[in-house]
Amino acid sequence: MTEQAAAVTGIPAGLTVRGLDRDQTPIADWLCSCGHHERATGRDPVRDLTARACPGRCPHPTAAA
């Protein structure tokens, strides 16, 4: 039996940040158009992720066929 990557449909690529109110822990989720997902929790990691995320442009190297 061969393994296949899970295909997720219906979730748009982009950056989502929540928990920005006082006394909340900020959380950011970035779903790249290539399917790569990153989550950051905490003020400094969220700031770093939002600076690095490129909605609309994939910065991840693709494997050459």
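Quick note: structure is the one above.
Residues numbered from 1 in each chain as written. Predicted model: local features only at pLDDT ≥ 70, side-chain atom pairs only at ≥ 80, totals over all residues. Heavy atoms only, no water.

Draft legend 1. Layout of the pairing of strand β2 (residues 27-31). Here 5 bridges tie strand β1 (residues 14-18) to β2, and the two strands are oriented antiparallel to one another. Across the sheet, Val17 pairs through a bridge with Ala28, a residue of β2. The sheet contact formed by β2 and strand β3 (residues 37-41) spans 5 bridges and is antiparallel. Following the sheet pairing, Leu31 is matched in β3 by His37. (Pairing = 2+ DSSP bridges. Helix = DSSP H or I, 4+ residues; strand = E, 2+ residues; numbered from the N terminus.)

Draft legend 2. Broad picture of empty space enclosed by the protein. One pass over the full model with this rule turns up 1 cavity of 30 Å³ or more. Roughly 40 Å³ of volume is contained in the largest cavity. Surrounding the largest cavity, Ala13, Trp30, Leu31, Cys32, Ser33, Cys54, Pro55, Gly56, Arg57 and Cys58 form its lining. Residue classes in the lining of the largest cavity are distributed as 7 nonpolar, 2 polar and 1 charged. (1 Å grid on protein atoms, 1.4 Å probe; cavity = no way out; pocket = protein on both sides within 12 Å on 5 of 7 lines; lining within 4 Å. Points joined across faces, edges and corners; volume = space filled by probe spheres on them. Nonpolar A, V, L, I, M, F, W, Y, C, P; charged D, E, K, R; others polar.)

Draft legend 3. Structural detail: the nonpolar core. Judged by nonpolar contacts, Ala28, Trp30, Cys32, Ala40, Val46, Leu49 and Ala53 together constitute the single largest core of 7 residues. Broken down by secondary-structure element, the contributors of at least two residues to this core are β2 and α1 (43-52). Filtering out sequence-adjacent residues up to four positions away, Trp30 remains in contact with Gly14, Leu15, His36, His37, Glu38, Leu49, Arg52, Ala53, Cys54, Pro55, Pro59 and His60. (Core = buried A, V, L, I, M, F, W, Y, C linked by side-chain atoms within 4.5 Å. Buried < 20%, exposed > 50% of the residue type's maximum accessible area, 1.4 Å probe, protein only. Contact = heavy atoms within 4.5 Å.)

Draft legend 4. The arrangement of a nonpolar patch on the surface in detail. Together, Leu15, Val17 and Leu20 line one region of the surface with nonpolar side chains, adding up to about 240 Å² of accessible area. Relative to the assigned elements, Leu20 resides in the loop between β1 and β2. In this structure Leu20 comes out as exposed when scored by relative accessible area, which is 58%. (Patch = residues over 30% accessible without salt bridge, like charges linked within 9 Å, V, L, I, M, F, W, Y side chains within 5 Å. Areas by Shrake-Rupley, 256 points an atom, 1.4 Å probe, with all protein chains shown as cover. Salt bridge = Lys/Arg side-chain N within 4 Å of Asp/Glu carboxyl O.)

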